[in-house]
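# Tertiary structure, described
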Amino acid sequence: MIDCKVLIVSATACLLANAALASECPDGFPSDNVNFQVGFGAGGGTDTVARKVASDLEMATGWTVVVENMPGASGGVMARGLTKKNPDGLTIGVVSNTTVAINPHVNPDIGYTHEDFKYLGTGMVLNYGLVTLEENPYDTLEEFVAMAKEKGRATVSVGASSHTIAVDAIAEHFGIRLVSIPGKGSAAALQEALGGHVDATIQGTQHVPQIKAGKMVQLATLTENRAVYAPDAKTLQESGVDLSIEGHIIFIAPKETPDDIAACLASHIMDVTTSDDYADYMEGLEASAGNMGVQGTTDWVASASAFYGDRLAK
């Protein structure tokens, strides 16, 4: 069995551990529009969350918040550029944990590490799942494994390195050959599965409408608890695989952003992401809100970076 540590941090525990943030902002801030730079394309989960938070911030503060998509390298293009931005609090990056905790280990030349940013909090927990077309003759992980053994291999489209780690863990545990097919993000990986080009795919939330429409089924849930939208799909741990991963959508700022400005931004992000309206919005996406706060996010990213660095080095 692959020796994987459980990569789960309780958002609630992290939230309780955070000191209260002062919501007052420095005089004159912001002096211009606040720009959300999303490290992924329009229409994906990260973009959806960024636009919701931006809209809620505008309503709560009267600021003008502009959302710009800057896809490439799983958020790496935007993140690298963010390290060179003026640390005035007017540019905020919206990324996934892949961007900050995985990319530097996959590509040492990417130009940054997880330590090159200030963390302002999180906006959504991604409950990863292994899913396939409903028409395929397998609808559980065990049946999928049996198919792979019979055929000699199975293909899984993936949109991030963390997905590949999960595929490798499943393959090693069950003694089967699984081939990861990289895509340009989760949306592209989902299209590969919907087109019947692969046997399964790993997804965060984009597949949920397909499950509700009866077009896809969840073979396994990769997080610690079963997904509410697929209650019959066992977790990997329930199936004996010693792995549990989760993802977060994360708000980041340049490292040298002044503490008072960072605290102002983090406080307002906390306010909107812990509101009842935001919780209802996340529920509509079959996702969980969960803002881990400044220190919780900083600690979680450091832990995730160590975990993935160890996994990817093997």
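Owing to the predicted nature of the structure, the values given are computational and were not obtained by experimental measurement.

### As for the overall build of the chain
Across its full length, the chain carries eleven helices and ten strands. A principal-axis box enclosing the C-alpha atoms of the chain has dimensions of 65 × 40 × 35 Å. Evaluated residue by residue, the chain yields a buried proportion of 53% over its 314 residues. Long-range pairs, those at least 24 residues apart, make up 77% of the contacts in the chain with a sequence separation of at least 6. As displayed, the chain has an accessible area near 13,100 Å², and 49% of this comes from carbon and sulfur atoms. Distance between charge centroids for the chain: 8 Å, based on 19 positive and 38 negative side chains.

### Brief notes about the domain arrangement of the chain
Looking at the chain, the domain boundaries give domain 1 (4-125 + 247-313) and domain 2 (129-221). Taken over C-alpha atoms, the centre of domain 1 sits 28 Å from the centre of domain 2. The contact between domain 1 and domain 2 buries some 810 Å² in all, and 67% of this surface belongs to carbon and sulfur atoms. Applying the counting rule to domain 1 against domain 2 returns zero salt bridges. Viewed at the interface, domain 2 and domain 1 are joined by zero residue pairs in polar contact (both at pLDDT 80 or more). Elements that contribute at least two residues to the side of domain 1 that touches domain 2 include exactly helix 4 (97-106) and helix 11 (293-312). Residues that form the side of domain 1 that touches domain 2 fall into these classes: seven nonpolar, four polar and two charged.

### Some remarks on the packing of aromatic side chains
Counted by the stated rule, this structure contains five aromatic pairs. The ring of tyrosine 281 carries lysine 52 above its face, with NZ or CZ at 5.1 Å from the centroid.

### Here's the deal with unusual backbone geometry
A cis amide bond, omega -5 degrees, links phenylalanine 29 with the succeeding residue proline 30. Structurally, the position occupied by proline 30 is in the loop between helix 1 (11-17) and strand 1 (34-38). In the Ramachandran plot, alanine 73 falls in the positive-phi region, its phi being about 55 degrees despite a non-glycine side chain. Structurally, alanine 73 can be placed in the loop between strand 2 (65-69) and helix 3 (76-82).

### Observations regarding the pairing of strand 4 (residues 117-126)
Both faces of the sheet carry side chains from a regular strand, because those side chains alternate between them. The buried count for strand 4 comes to ten of ten residues, which makes it a mostly enclosed element. Relative to strand 10 (residues 247-254), strand 4 runs antiparallel, the two being bridged by eight bridges. Paired with threonine 122 across the two strands is isoleucine 250, which belongs to strand 10.

### Regarding the layout of surface pockets
Over the atoms rolls a probe the size of a water molecule, and its path tells where empty space is left. Here the largest pocket defines a volume of roughly 620 Å³. Together, 32 residues line the largest pocket, and Phe40, Gly159, Gly185, Ser186 and Ala187 are the ones closest to its centre. For the lining of the largest pocket, the elements supplying multiple residues, two or more each, are helix 2 (45-61), helix 6 (161-174) and helix 7 (186-194). With three residues, the single largest contributor to the lining of the largest pocket is helix 6.

### Notes on helix 9 (residues 259-273)
In this model, helix 9 (15 residues) spans 21 Å end to end at C-alpha, consistent with the 21 Å of a helix rising 1.5 Å per residue. Burial within helix 9 is extensive, with eleven of its 15 residues counted as buried. Turning to helix 9, its buried residues are Ile261, Ala262, Cys264, Leu265, Ala266, Ser267, His268, Ile269, Met270, Val272 and Thr273.

### Structural notes on the packing of helix 4 against helix 11
The geometry of helix 4 relative to helix 11 is characterised by a closest axis approach of 9 Å and an angle of 35 degrees between their N-to-C directions. Along this stretch, helix 4 crosses helix 11, giving a crossing that reads as right-handed. Within the contact between the two elements, helix 4 uses Asn97, Val100, Ala101, Ile102, His105 and Val106 and helix 11 uses Trp300, Val301, Ala304, Ser305, Tyr308, Gly309 and Leu312. Classifying every residue of the contact of helix 4 with helix 11 gives nine nonpolar, four polar and no charged.

Each value, and the rule that gives it
- Residues numbered from 1 in each chain as written.
- Predicted model: local features only at pLDDT ≥ 70, side-chain atom pairs only at ≥ 80, totals over all residues.
- Heavy atoms only, no water.
- Helix = DSSP H or I, 4+ residues; strand = E, 2+ residues; numbered from the N terminus.
- Buried < 20%, exposed > 50% of the residue type's maximum accessible area, 1.4 Å probe, protein only.
- Contact = heavy atoms within 4.5 Å.
- Areas by Shrake-Rupley, 256 points an atom, 1.4 Å probe, with all protein chains shown as cover.
- Lys, Arg positive; Asp, Glu negative; His and termini not counted.
- Charge placed at Lys NZ, Arg CZ, Asp CG, Glu CD.
- Domains from an automatic or database assignment.
- Buried area = accessible area lost by both parts, 1.4 Å probe.
- Salt bridge = Lys/Arg side-chain N within 4 Å of Asp/Glu carboxyl O.
- Polar contact = N/O pair within 3.5 Å; in protein donor to acceptor, adjacent residues only side chain to side chain.
- Nonpolar A, V, L, I, M, F, W, Y, C, P; charged D, E, K, R; others polar.
- Phe/Tyr/Trp six-rings, centres within 6.5 Å; stacked < 30°, edge-to-face > 60°.
- Lys NZ or Arg CZ within 6 Å of the ring centre and 35° of its normal.
- Pairing = 2+ DSSP bridges.
- 1 Å grid on protein atoms, 1.4 Å probe; cavity = no way out; pocket = protein on both sides within 12 Å on 5 of 7 lines; lining within 4 Å.
- Points joined across faces, edges and corners; volume = space filled by probe spheres on them.
- Expected span 1.5 Å × (residues − 1).
- Axes fitted to C-alpha atoms, helices over the stretch in contact; angles between N-to-C directions.
- Left-handed = near helix turned anticlockwise from the far one by under 90°.

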